Structures are given as structure tokens and as C-alpha cells.
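Breakdown of the fold
These are the residues of each chain, in order.
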Amino acid sequence: MLQDVLIKREIYASEEHQMMQQMIRDFIKNEVAPQMEQWEKDGMVSRAIWERAGELGLLCIDMPEAYGGAGLDFSFSALFMEELGRKGISGPGFSLHSDIVAPYILKYGTEAQKKKYLPLMATGEMITAIGMTEPDCGSDLQALRTTAVDKGDHYLVNGQKTFITNGYMSDMSIVAVKTNPGTPQEGISLLIMESAWDGFEKGVPFKKIGMKAQDTCELFFDDVKVPKENLLGQEGMGFKMMMTELARERMSVAISAIGGAKGALEDTIEYTTTRRAFKSPIAGFQNTQFKLAECATQLQIHQTFVDRCVALLAEHKLTPESASMAKYSASDMHGKVVDECLQLFGGYGYMWEYPIARMYADNRVARIYAGTNEIMKLLIARGLFKEMFQEMKARAKQKMQKA
Ligand SMILES: Cc1cc2nc3c(=O)[nH]c(=O)nc-3n(C[C@H](O)[C@H](O)[C@H](O)COP(=O)(O)OP(=O)(O)OC[C@H]3O[C@@H](n4cnc5c(N)ncnc54)[C@H](O)[C@@H]3O)c2cc1C
């Protein structure tokens, strides 16, 4: 049994964690998994499942109770992400909503913004998204082109975002824009934008190679009037805020990767024990045993590191470099494990009705979104060569000032 081989984890050992884990497993088994096929056909999940998750207290788990959250620490959110990953549930974008959008508002929002948006997010009545990527820029976010022109009591927003998770279902998005466009001080700011506003349009959900039940689409802004009170944090500080908060987004990918690799291994151990060839279970071949032993080892190593990062994040001590290491390394590991596992299913592994096929297709994007794995290595290298990068930045600044 896989769980007998892996080191007993301290992070989820408390009675509260165990109870929550059982509740999450029941929710996934009875209410989420049976709907996946229909959601895949629809290209999106139902609003009802969001409200049900809210009812069970599974949205915004680590948000203070004063704003409708469960007031628990980040490890409980991590547990939910891991269990969803374990069963290959990629449809509802709960994590992006609860663990990325909500923390931005909680950390940088005004009291009025918190009171207006957070309680509705916690109940699932309001579904949210975050719009950073544009058709012409993803990795290089400083090159974004969506503009927000200051019109006194409001900003006038024009531009476009793409690949937005929860985009089609979203009622509200945090959108990265350039304020003061065309001036030498043009900076990036974050705005809270409601989908119902005039000039805010959504594209049809993209057809993706995986995560077919998750709605990913474009957002278009044509002269959208955004009241000044919907500026999130300070004007011009958007890039800094994104760089700080992206560590949490990266951890959500790493945590899902641990769950995903574990689920793939559990399913494969079971399958190879029952499927037979040459009068032997597939698990009887040394090749199968060695492959699965290697996968379990990789899972163990990454699980230990990711658990430590989760604990550090819960204590607000996780460095961006560690978050980047966890994201790129765990998602790479997840990809390799799922690939090896699928091979052991033979032809059945290629059939959509087998969860391993879904896991294979769903998993590929983990190396791309939340910052590509190449960008993760760039961030780690920046930490390794900090002084050199600082000197280069200072020289470039001087050059710009002279020009
Ligand atoms: C399913 C899905 C969901 C997504 N959800 C969201 C969302 O909710 N919100 C959002 O804002 N975005 C979202 N994204 C966008 C995602 O974050 C971007 O696709 C990603 O950051 C990469 O940007 P890009 O696609 O523009 O690729 P590019 O930036 O064009 O990169 C292309 C390739 O070049 C490499 N590259 C780029 N720069 C460097 C460099 N300096 N050094 C080495 N290699 C480099 C990249 O690693 C990549 O391999 C989503 C994407 C997908 C596919």
C-alpha cells in the first residue's frame, strides 16, 4: 500500500485535519466526481457546486470568519487542493478563487472592498478570476497593454486578457492594468472589476487538451468605467503585489501535483495488481515494480519538501525561490509519474473513461501556468545571482535616465 510506504505526515495529522479530509473525500466522491463527465461536455461546472462548496465551508478556508471564511490556517486549504488533485478533479477552479483572488483582497483591499466581496466569495454566490495574461504577454507581465485612464472619479479601462481560469463563470475579476499609460511613470495597478459592468465582455470558453470542465476564456474591456474605489492597493504597485502573491499561486500548483501523483500511483498499483499478462499480474513484472518504486520515491521526496513549504506559507515565511522550486520540480515530477503510470495501463490508459487518461491530459498545463517552469528557474537563478542582477538593473535605470 502506498500510504504504508510514505512517511507519516505531520502537517495533516491533527484530528481537525482528519475530519476535514473525510468530509472532502465524501464531497468529491458523492457530489463532484459523478458530475465531471457532464461538466466536460458543458465546458464548465455548475454554479450549484460552488454554492455547495461554500455551504460546506470549503471556499476561502483560511480567510477570517469575520469575512465569511472558515478562519483556519493554510494547511486546510492545501488539504482540499491535494484531495482534488488526487482524484483528478480539475473542473471547479476553487483554488484560484479561494487561494489566489481572496488573499489579494484580504491583504490589499480596503475594508469596504473586503465587506463587499469576501463574504459572497465564501458562500460561492460570487465566482472570481484573475486577469494578468494578455494575447501578447504572459511570462513578461510588465509588457501588458490593458490601460486604465484616470477620469477623476473613475478609470476608463480598455484592453483584453486571455487564458482566464473561471473566466466565463466569473462575476468579478482582479485585473492587471497600466495606469498612467503613455507617460514615463506608467505603472501596473490592480483593479477589481465586475463582469456585469458595461463594456465588460467574455469570449467563449477555449477548447483545451485537458481540464475540459474548467472554463478558460478571454475577457474584453471596451471603455469599462471602473470606480476609483475599486483600485486594489496603491496605484502603480500592481507588479510588486503580483510578484508577492504569485508564491501562493505557485504553491497551489505544487500541492495539486502531490495529490495528482499520489492518485495516479494509487490507481496504478490497484490496476497492475488485477490486470494480467503472460499468466502473471502486471505488478508481477520487475519492470512494473521498479517503475512504481521510482515514482513512489519521487513522490516521497517532493511531498516532504512541499509539506515544509506549506507550513512556511502558513507562517508567512515562504521565500519566492522556494515556492518556485516547489512549483517547477513538483509539476515536472507529476508529469513523469503520470506518464509512467499511464504506460502501465496499456491501451486502457489512453481511454478517456480511465482517470489516468484525464490526469495525463490535465497535468500538462501545470508546467505552463502560474508562471512557466522556465520562469521558475529564472526566479531561482535571480536569487542565486542577486548582486549581479541588482547591478544590471541599476545600470539599465541609469541608461534610461540619461536617455
Ligand atoms: C489552462 C490555462 C489557464 C490559465 N489561467 C490563467 C489565469 O487564470 N489568469 C492569467 O492571468 N493567466 C492564466 N494563464 C496564462 C498562463 O499563466 C500563461 O500562459 C503563462 O504564464 C505563459 O505565458 P504565455 O502563454 O504568454 O507564454 P510566453 O510568455 O509566450 O512563453 C512561451 C515560451 O517561452 C518561454 N520563455 C518566456 N520567457 C522566457 C525567458 N525569459 N527565459 C526562458 N524562457 C522563456 C516560456 O517558458 C514558454 O516556454 C492560463 C493558461 C492556461 C493554459
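Residues numbered from 1 in each chain as written. Predicted model: local features only at pLDDT ≥ 70, side-chain atom pairs only at ≥ 80, totals over all residues. Heavy atoms only, no water.

1. Looking at the overall build of the protein
When helices and strands are tallied, the protein shows 13 helices and ten strands. The C-alpha atoms of the protein give 22 Å as radius of gyration, which agrees with the globular expectation for 403 residues (22 Å, within 12%). Based on the C-alpha atoms only, the size of the protein along its principal axes is roughly 75 × 50 × 40 Å. When the 403 residues of the protein are sorted by exposure, 50% land in the buried category. Considering only contacts in the protein between residues 6 or more positions apart, those separated by 24 or more positions represent 74%. Summed over all atoms, the accessible surface of the protein reaches about 19800 Å², with 55% contributed by carbon and sulfur. Both charge centroids of the protein, one from 46 positive and one from 52 negative side chains, sit 6 Å from each other. (Helix = DSSP H or I, 4+ residues; strand = E, 2+ residues; numbered from the N terminus. Rg over C-alpha atoms; globule rule 2.2 N^0.38 Å. Buried < 20%, exposed > 50% of the residue type's maximum accessible area, 1.4 Å probe, protein only. Contact = heavy atoms within 4.5 Å. Areas by Shrake-Rupley, 256 points an atom, 1.4 Å probe, with all protein chains shown as cover. Lys, Arg positive; Asp, Glu negative; His and termini not counted. Charge placed at Lys NZ, Arg CZ, Asp CG, Glu CD.)

2. What about the site of the ligand?
Around the ligand, the surrounding shell holds 19 residues, and the nearest of these are Thr133, Ser139, Phe163, Thr372 and Glu374. Measuring from a nitrogen atom of the ligand, one finds a backbone N or O atom of Ile130 at 2.9 Å. The side chain of Thr372 places a nitrogen or oxygen atom 2.6 Å from an oxygen atom of the ligand. Relative to its free-state accessible area of 980 Å², the ligand is covered by the protein chains to the extent of 65%. In terms of residue count, the dominant contributor to the shell around the ligand is strand β3 (residues 154-165) (three residues). Grouping the constituent residues of the shell around the ligand by class yields eleven nonpolar, six polar and two charged. (Near = heavy atom within 4 Å. Polar contact = N/O pair within 3.5 Å; in protein donor to acceptor, adjacent residues only side chain to side chain. Nonpolar A, V, L, I, M, F, W, Y, C, P; charged D, E, K, R; others polar.)

3. A look at the packing of aromatic side chains
A ring pair, where both rings are aromatic, is described by two values, the distance of the centres and the angle of the planes. Overall, the coordinates contain eight aromatic pairs when judged by the stated rule. Considering the side-chain rings of Phe163 and Phe206, the 5.7 Å spacing of their centres and the 55° angle between planes classify their relative orientation as tilted. Of this pair, Phe163 sits in strand β3 while Phe206 sits in the loop between β6 (200-202) and β7 (216-227), placing them 43 residues apart in sequence. Feature note: the residues Tyr271, Phe345, Tyr348 and Tyr354 constitute an aromatic cluster, connected by ring pairs. The residue whose ring lies beneath Lys212 is Trp352, and the NZ or CZ to ring-centre distance is 5.6 Å. Over the ring of Tyr155 we find Lys228; its NZ or CZ atom is 5.2 Å from the centre of that ring. (Phe/Tyr/Trp six-rings, centres within 6.5 Å; stacked < 30°, edge-to-face > 60°. Lys NZ or Arg CZ within 6 Å of the ring centre and 35° of its normal.)

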